[in-house]
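One letter stands for each residue in the lines below.
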Amino acid sequence: MITLAAALIAVLAALFVYNSPACAQQMPTGPLNEAQVRELVKDDLLAHLDGAESALGWRQILTTAPRLQAAYDANEVAADKKFVTGPNIFLTGTVVSIDKTIGDKAVLNLYGGKHPYIGPRAFILPGNDAWLAKLEKGNTVALACDRVRRILANVALYECLPKAVYVELMVGNYMRDLPKLARQGNEMAMFLQRKMK
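Residues numbered from 1 in each chain as written. Predicted model: local features only at pLDDT ≥ 70, side-chain atom pairs only at ≥ 80, totals over all residues. Heavy atoms only, no water.

J.: Sorry if this is basic, but what is going on with the state of the cysteines here?
T.: Covalent bonding between the sulfur atoms of two cysteines is what defines a disulfide. Under the counting rule described, the total for this entry stands at one disulfide. Disulfide pairing places Cys145 opposite Cys160 at an S-S distance of 2.1 Å. What sets the handedness of the Cys145 and Cys160 disulfide is the S-S torsion sign, and at about 110° it is right-handed. Here the residue Cys145 occupies a position in strand E5 (residues 140–145), and Cys160 occupies one in strand E7 (residues 154–162), the gap between them amounting to 15 residues. (Disulfide = S-S within 2.5 Å. Helix = DSSP H or I, 4+ residues; strand = E, 2+ residues; numbered from the N terminus.)

J.: Help me out: how do you make sense of the nonpolar core in this one?
T.: A general trend in soluble globular proteins is that nonpolar side chains are found buried together. Ranked by internal contacts, the top residues of the largest apolar core, which has 24 residues, are Val37, Val41, Leu45, Leu56, Trp58, Tyr174 and Leu192. Within the residue set of this core, elements represented by two or more residues are helix H3 (34–49), E5, helix H7 (163–183) and helix H8 (187–195). At eight residues, the largest contribution of residues to this core is made by H7. (Core = buried A, V, L, I, M, F, W, Y, C linked by side-chain atoms within 4.5 Å. Buried < 20%, exposed > 50% of the residue type's maximum accessible area, 1.4 Å probe, protein only.)

J.: Would you explain the packing of aromatic side chains in this entry?
T.: Applying the stated criterion across every chain yields a total of two aromatic pairs. Here the aromatic rings of Trp58 and Tyr174 are separated by 5.7 Å at their centres, their planes lie at 50°, and the arrangement is tilted. Of the two residues, Trp58 sits in the loop between H3 and strand E1 (61–64) while Tyr174 sits in helix H7, which places them 116 residues apart along the sequence. Of the two residues, Trp58 and Tyr174, both sit in the buried class. Here the aromatic rings of Phe123 and Tyr158 are separated by 5.2 Å at their centres, their planes lie at 10°, and the arrangement is stacked. One end of the pair, Phe123, is in strand E4 (residues 121–124); the other, Tyr158, is in strand E7, and 35 residues separate them in sequence. On the accessibility criterion, Phe123 (16% relative accessible area) is buried. Of the residues examined, Tyr158 reaches a relative accessible area of 17% and is grouped as buried. (Phe/Tyr/Trp six-rings, centres within 6.5 Å; stacked < 30°, edge-to-face > 60°.)

On their own, these measurements won't tell you what the molecule is for.
Set out below in structure tokens:
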């Protein structure tokens, strides 16, 4: 079943990308409440994190743990250029182990491809212990991380959040910044703000 949010995002994308008069006839004419707009924003981010183009301009770098490790194994300079200078990294990977550092920070060791003991290490931000406690070796995880760098043979990812926590944070930030984005001339933000009135 298509949600109102998914349908509206699809129509919005068609209007802005293709400027289709037929799509304009399907656009809901009434105002949306804040919860509906929040759902639209969330659906757009979730679709983007699954590989779809974002109508709202999300720009996360999407990858997998094996692809990230392979990029650094092939050419560290090129990998730094791609992953270090960009926006947040969103990756999926298979958990090899769930550990703590000497400083008591949680770290997920992820399967990195051809080497069983070499793979990305994701340092999880505090406050996610309940999520970490439910994980098991072999689980697939989706993480958003703020920074990446190579340490010896492994790739280290810092300030990582589970997907659900990251999505709620980003949606909240977008909703908070919606008036500012609209004032700056962002067409989608202006449209969403007009629909909320």
